[in-house]
Amino acid sequence: MPHCRRATSDVVACTASLRLPSRAIARKNLAAAPKHRGRCYQNAMRLELRVFTKDDHAAALQLWEASEGVGLSDADSFENIARFLERNPGLSFVATEGELVVATILCGHDGRRGLIHHLVVSPTHRRKGIGRQLVERALAALNDAQIQKCHLLVFRENREGIAFWQGIGGEERVLLTLFSFPTGDANPTC
Ligand SMILES: CC(C)(COP(=O)(O)OP(=O)(O)OC[C@H]1O[C@@H](n2cnc3c(N)ncnc32)[C@H](O)[C@@H]1OP(=O)(O)O)[C@@H](O)C(=O)NCCC(=O)NCCS
């Protein structure tokens, strides 16, 4: 059974875009807000940013299930995430502290535009620049793949999520509305 923590009527998203005219400009946009402890924090906490592999799925799912602001569905099963990672190599990342996965970002592209999913930072690790760093890594990887713009969806009620994307320079696409269609009989909710 497809599952989602939101009623269908709530699955209306704000859309935001992050443009990638060049890595330098993308970095400049992301750097618009005050700079973070960044690498110093990574060293102090032994935090590591690395590519998301299918072996991270169980820990990531645990993080996503415990987090507000995330819509989960059958698309997040082990098989489907493994397929997503295989189709989009080197674009998704985790932040780890020792063995612990403390943050994730899933990122892919369709050959034209990028799409970010499941940017989640553990509540104990928020407001330390980890979310920003994961986005920077994903955007840089997209730019390396010649993808010049990246979109993401945020639940309208997710005020903190929206504040984050605004805080790092995302463009809110107020002229766009999201429509979705099931492709068969499964009718997934997210
Ligand atoms: C959104 C989220 C990923 C942010 O991660 P984070 O590591 O705490 O974010 P950062 O520390 O990199 O924040 C970068 C900037 O974003 C803005 N920001 C981040 N969280 C914010 C909040 N709760 N309120 C207001 N602004 C915020 C700030 O401008 C911040 O810079 P500052 O700390 O120097 O002021 C995290 O809160 C989270 O996991 N939320 C739950 C899941 C979610 O909603 N994901 C997004 C769905 S698309």
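The model shown is predicted, which means the values in this text are computed figures rather than measured ones.

### A short note on the site of the ligand
Thought 1: Taken together, 26 residues surround the ligand, and among them G69, R126, G131, G161 and G167 come closest.
Thought 2: Those elements giving two or more residues to the shell around the ligand turn out to be β5 (114-121), α5 (130-144), β6 (149-155) and α6 (159-167).
Thought 3: Looking at the shell around the ligand, the element that brings in the most residues is α6, giving five residues.
Thought 4: Residue classes in the shell around the ligand are distributed as twelve nonpolar, eight polar and six charged.

### So, the confidence of the model for the protein
Thought 1: For the protein, per-residue confidence averages 85 on the pLDDT scale, and 78% of positions sit at 70 or higher.
Thought 2: Note on residues 1-12: pLDDT under 50 across the span, and 22 contacts to partners over four residues away in sequence or across chains.
Thought 3: Residue range residues 33-43 is modelled with pLDDT below 50. Its contacts to residues more than four positions away, or to other chains, number twelve contacts.

### Focus: α6
Thought 1: Listing the buried residues of α6 in full gives G161, F164 and W165. Looking down the long axis of α6, one finds its buried residues gathered within 95° of arc, a one-sided arrangement. Of the exposed residues in α6, those oriented more than 90 degrees away from the buried face are R159, E160 and A163.
Thought 2: Phi for G169, located one or two positions after α6, is positive at around 95°.

### Overview of the nonpolar core
Thought 1: With 36 residues, the main nonpolar core has A103, I105, C107, L134, A138 and L142 as its most contacted residues.
Thought 2: If you tally residues by element for this core, the top one is α5, at seven residues.
Thought 3: Among residues more than four places away in sequence, those in contact with A138 are L91, F93, I105, C107 and I116.

### Examining the pairing of β5
Thought 1: Burial of β5 is extensive: seven of the eight residues sit out of reach of the surface.
Thought 2: Between strand β4 (residues 100-109) and the antiparallel strand that follows it, β5, lie four residues; G111 among them carries a positive phi value of about 95°.
Thought 3: Sheet topology note: the β5/β6 ladder contains three bridges and is parallel. Within β6, the residue paired with L115 across the bridge is H151.

Thresholds, definitions, all that
- Along each chain, residues carry numbers from 1 onward, in the same order as the chain's sequence is written.
- Totals for whole chains, interfaces and linings use every residue, but because this is a predicted model, local features are given only for residues with pLDDT of at least 70 and side-chain atom pairs only at 80 or more, for both listing and counting.
- Each residue gets a C-beta atom placed from its backbone. Should that atom fall within 6 Å of a molecule or strand, the residue is termed near it.
- Secondary structure elements follow DSSP: runs of H or I of four or more residues count as helices, runs of E of two or more count as strands, with numbering from the N terminus.
- Three classes are used: nonpolar for Ala, Val, Leu, Ile, Met, Phe, Trp, Tyr, Cys and Pro, charged for Asp, Glu, Lys and Arg, and polar for all others, with Gly counted as polar.
- Each residue gets a pLDDT score, which is the predictor's confidence in that residue and runs from 0 to 100.
- This entry defines residue contacts through backbone-placed C-beta atoms, with two residues in contact when those atoms are within 7 Å.
- Any residue whose C-beta has 12 or fewer other C-beta atoms within 10 Å is treated as exposed, any with 20 or more as buried, and any in between as partly exposed, C-beta atoms being built from the backbone.
- This arc corresponds to the set of directions leading from the helix axis out to the C-beta atoms.
- Residues enter a nonpolar core if they are buried, belong to Ala, Val, Leu, Ile, Met, Phe, Trp, Tyr or Cys, and are joined to the set through C-beta atoms within 7 Å.
- Each pair of strands is called paired provided DSSP finds at least two bridges between the two strands.

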